[in-house]
Amino acid sequence: MPKEQATASRRRKAAPEARGSEGIDALPGEVLQHVLSFLPVAEAVQTCVLARGWRDLWKSMPVLRITCEGRILNRRGVRRLNKFVNHLLLLRDRSAPLHACEIELSTFHSQDEPQVNLWTRHALLCQARVLSVHLSRDNNSFELLEDLPLVSPHLTRLELCNVVLNDSILNFSSCPALEELWMRGCYIQADMIMSLSLKRLTILDCIFYPNERTRISVPSLVALELIECWGRTPLLESMPSLVTGSIKLADCDDCCGKEAGGSCVDDTCENCGSNGDGSGDCVLLSGLSDAKSLELIAEPCAFILKRDLMWCPTFSKLKTLLLNDWCMKANLGALMCFLQHTPVLEKLTIQLCQAPSSWMGTEGSYNLTGQPFASSKLKVLEIKCEKIDERVHRILTFLSTYSIHVEQINIQQSIGSSEGTQSWTFSSANSACVALAECSVEEHG
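The rules behind the values
Residues numbered from 1 in each chain as written. Predicted model: local features only at pLDDT ≥ 70, side-chain atom pairs only at ≥ 80, totals over all residues. Heavy atoms only, no water. Salt bridge = Lys/Arg side-chain N within 4 Å of Asp/Glu carboxyl O. Helix = DSSP H or I, 4+ residues; strand = E, 2+ residues; numbered from the N terminus. Buried < 20%, exposed > 50% of the residue type's maximum accessible area, 1.4 Å probe, protein only. Core = buried A, V, L, I, M, F, W, Y, C linked by side-chain atoms within 4.5 Å. Contact = heavy atoms within 4.5 Å. Pairing = 2+ DSSP bridges. Patch = residues over 30% accessible without salt bridge, like charges linked within 9 Å, V, L, I, M, F, W, Y side chains within 5 Å. Areas by Shrake-Rupley, 256 points an atom, 1.4 Å probe, with all protein chains shown as cover. Disulfide = S-S within 2.5 Å. Phe/Tyr/Trp six-rings, centres within 6.5 Å; stacked < 30°, edge-to-face > 60°. Lys, Arg positive; Asp, Glu negative; His and termini not counted. Charge placed at Lys NZ, Arg CZ, Asp CG, Glu CD. pLDDT = per-residue confidence, 0-100.

Student: Would you mind going over the pattern of salt bridges with me for this structure?
Tutor: Two side chains with opposite charge may pair up if their charged atoms get near one another. Tallied over the full model, the rule gives 14 salt bridges. For glutamate 228, the salt bridge goes to lysine 248, with nearest N and O atoms at 3.5 Å. Of this pair, glutamate 228 sits in the loop between strand S13 (223-227) and strand S14 (235-236) while lysine 248 sits in strand S15 (residues 244-249); the two residues are 20 residues apart in sequence, bridging distant segments of the chain. Judged by its relative accessible area of 36%, glutamate 228 falls in the partly exposed class. Classification of lysine 248 as partly exposed rests on a relative accessible area of 36%. Taken together, the shared-partner salt bridges in this structure form one network comprising Arg157, Glu159, Glu179, Glu180 and Arg200.

Here it is, written out as C-alpha cells:
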C-alpha cells in the first residue's frame, strides 16, 4: 500500500509538468518570441518570471515596441524610461534578427527628453528592416531628430510622426533598400528629400519650410500621396515609374496678390515666374506627368495647380483622372487644358462639393494648344455632386459644344448620409442635358 501511494504521489507531481508541456510552453522558442513581439517591451520583459524557459526569450524578440502606454511622462518618468530602454538594448541578443523597432511616446513634460535618437541608431545597427517613430505633438511643438543621415543597407520602411526633419536625415542615399517612407505631422526644414530606391511616399499634414521650396527627388517612385500639407508646396522632380498620385492641397503659402485666383504671368514674381534653376517651371504637374492614375484635389482658391497649368505637360500615360471644384472657374479653362494634354485618358471624375457661389472667379492663364482635344479615348465621365446645379449643366454643355465624345456619362447625386445616392447614366452629353432639364422642370412644376 505505501508503494501504491508513492506511485500516485509521483504521478500527481508529474501531472502539472505534463500539462505544461502540452500548452504554450511546448511551442518552439521562435514562435514564443514572435508572440512576445506583439507586446510593449516593458510587458514582454516581465514574462521572464513565468518559467525558466521564458527567462531569456525577450532578448531575441524580432520586434521592439517602445511605448509609455499613453502616460504623460514627468522628469522622473522620462529618466526611468531612458534607463530601462538603454539596458534593454544593451542586454538584447545581438545575434538575433531585429525585423522592426517601433517607438511610440505620448506627451512628456520634462527638460529631459527620451533618447529617441540613440534608440533609432541602435535599431539600425541591429539591421532593423522597419523603423517607426511616433511622438505626440504638445502645444504645436515638435521633437527634433538628430540632423545626421540614416545609414542602413537593410531598412525598407520608415515611419515618422510629429518630428522635425532637416536635410541630412532626409537624404536616404545611405539606405539603398528603402522602399516606403511615411510621414505625418512633421516639420520639414530641408532643401531636398532624396532617395534612389523609394517606391512609395506618403506625406500627411506636414509643414514645409516657408522660405525655400523643398525638392522631392525620388526617380523610382511608384505611388505618391501628398495630403493637406502646409507651407510652400514642394517641387516634384521627374518620376518616370509613377503609377498613382494623390494630391490634396490645403491652404499653402503659395499665392499671388497681383491676380486673385490665377497667375500674373510675370517672370519677376517669385510665385508665378520660372523656378529659375533650369529644372522647368511646374511645381507639381511635371513630376506627375508619367502617372497612370491621378487625383488632384484642392480648395477653389488654390493657387499652385492653376499656376502649373501655364506650363502644363503632356500626360502621355494617364488613364484615370479625378478633379474637384478648383477646375470649375469661369470658362472651364483648367478642365479644357487637361483634356488637351491627356491623349489616352479613359475615365474622368469630377467631384463638386462647394456651393456655386464659391467657384466663380478670375480664370488663370493656361497652356491651351488650340488643337483638337487629345482625349479621344475617353470612355467614362463621372460627376459626383451634392446638388445638380449650373456647374453640372456647364460641364455637359462644354462637352457638347466641343464635340467631345464620351461612351458613358454617370452622374451621382448624394441625397443624404442616410439615404445614399441617386444615379443617372447617359450615352452622350446631349441626352444628359435633355434628361436633366426635364427633371428640373418636373421638380419646379
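Moving on from the model shown.
Student: Would you mind showing me how to read the nonpolar core here?
Tutor: Nonpolar side chains in soluble globular proteins tend to end up buried together. Ranked by size, the top nonpolar core spans 113 residues in total, and within it Met183, Ile203, Leu284, Leu288, Leu296, Trp326 and Leu348 carry the most contacts. Per-element accounting of this core gives the leading share, six residues, to helix H8 (residues 333-340). Beyond its immediate chain neighbours, meaning those up to four positions away, leucine 348 contacts Leu321, Leu323, Leu335, Leu339, Leu378, Val380, Leu381 and Glu382.

Student: For this particular structure, what's the right way to read the sheet that holds S14?
Tutor: Sheet strands pair via backbone hydrogen bonds, and the direction of the pair is either parallel or antiparallel. The three strands lie next to each other as S9-S12-S14, forming an open sheet whose pairing is parallel. The open sheet has two free edges, formed respectively by strand S9 (192-194) and S14, since each of these has just one partner strand. Relative to strand S12 (residues 215-217), S9 is paired through three bridges, and the arrangement is parallel. Of the residues in S12, the one forming a bridge with methionine 194 is serine 217.

Student: Looking at this model, I keep getting lost on the sheet that holds strand S11 (residues 207-208). Mind explaining?
Tutor: If you walk across this open sheet you meet the four strands as S4-S6-S8-S11, and the pairing is parallel. Of all strands in the sheet, those bounded by a partner on one side alone are strand S4 (143-144) and S11. Here three bridges tie strand S6 (residues 163-166) to strand S8 (residues 187-189), and the two strands are oriented parallel to one another. Within S8, the position partnered with asparagine 166 by the bridge is glutamine 189.

Student: Could you clarify how one ought to interpret a nonpolar patch on the surface in this entry?
Tutor: Judged by side-chain polarity, Ile24, Leu27, Val31 and Val35 come together as a nonpolar surface patch covering roughly 290 Å² of accessible area. Mapped onto the secondary structure, isoleucine 24 falls in the loop between helix H1 (2-22) and helix H2 (29-36).

Student: Just checking my understanding: could you explain the pairing of strand S10 (residues 200-204) for this structure?
Tutor: Two faces belong to every sheet, and in a regular strand the side chains alternate between them. Along S10, four of the five residues are buried, which leaves the element largely enclosed by surrounding structure. Sheet analysis places strand S7 (residues 180-184) next to S10, joined by five bridges and oriented parallel. Across the sheet, residue tryptophan 182 finds its bridge partner in S10, namely threonine 202.

Student: In this structure, what is going on with unusual backbone geometry? I would like to understand it.
Tutor: Even without a glycine there, the phi angle at asparagine 162 is positive, about 60°. When you line up the elements, asparagine 162 lands in the loop between strand S5 (157-161) and S6. A positive phi is found at aspartate 205, a non-glycine position, where the angle reads about 50°. By the element assignment, aspartate 205 lies in the loop between S10 and S11.

Student: Got a minute to help me understand the state of the cysteines in this structure?
Tutor: Covalent bonding between the sulfur atoms of two cysteines is what defines a disulfide. The full count for this structure, using the stated rule, is zero disulfides. Here cysteine 229 stays unpaired: no disulfide links it, and the sulfur of cysteine 206, its closest cysteine neighbor, is 5.1 Å away. Free cysteine cysteine 337: the closest other cysteine sulfur is in cysteine 312, separated by 3.9 Å. Cysteine 337 gets classed as buried once you look at its relative accessible area, which sits at 0%.

Student: Would you mind going over the packing of aromatic side chains with me for this structure?
Tutor: For any pair of aromatic rings, the description rests on two quantities: the centre-to-centre distance and the angle between the ring planes. In this structure the tally under the stated criterion is two aromatic pairs. An angle of 40° between the planes, with centres 6.0 Å apart, marks the rings of phenylalanine 315 and phenylalanine 338 as tilted. In this pair, phenylalanine 315 is assigned in the loop between helix H7 (304-308) and strand S17 (320-323) and phenylalanine 338 in helix H8, connecting sequence segments 23 residues apart. Neither phenylalanine 315 nor phenylalanine 338 differs from the other in exposure class; each is buried. Ring plane angle 75° and centroid distance 6.1 Å describe the contact between tryptophan 326 and phenylalanine 338, whose orientation is recorded as edge-to-face.

Student: Teacher, can you tell me more about H8 here?
Tutor: Structural remark: α-helix, 3.6 residues per turn; residues separated by three or four positions point the same way. Counting buried positions over the eight residues of H8 gives eight, a clear majority of the element. What H8 keeps buried is the set Gly333, Ala334, Leu335, Met336, Cys337, Phe338, Leu339 and Gln340. In this fold, the buried residues of H8 make contact with helix H6 (285-288), strand S16 (293-298), S17, strand S18 (347-352) and helix H9 (390-401).

Student: Just checking my understanding: could you explain a positive patch on the surface for this structure?
Tutor: On the surface, Lys292, Lys319, Lys377 and Lys379 cluster together into a patch of positive charge. Topologically, lysine 292 is positioned in the loop between H6 and S16.

Student: So what exactly am I meant to see when it comes to the confidence of the model for the protein here?
Tutor: Low-pLDDT portions of the prediction should not be read for the details of their coordinates. The share of residues in the protein with pLDDT of 70 or more is 74%, and the mean pLDDT across the chain is 81. Averaged pLDDT values for the elements of the protein fall to 46 in H1 and rise to 98 in S10. Scored below 50 in pLDDT, residues 7-20 makes two contacts in the model with residues more than four places away or belonging to other chains. Under a pLDDT of 50 for its full length, residues 276-280 has, in the predicted model, three contacts with residues more than four places off or in other chains.

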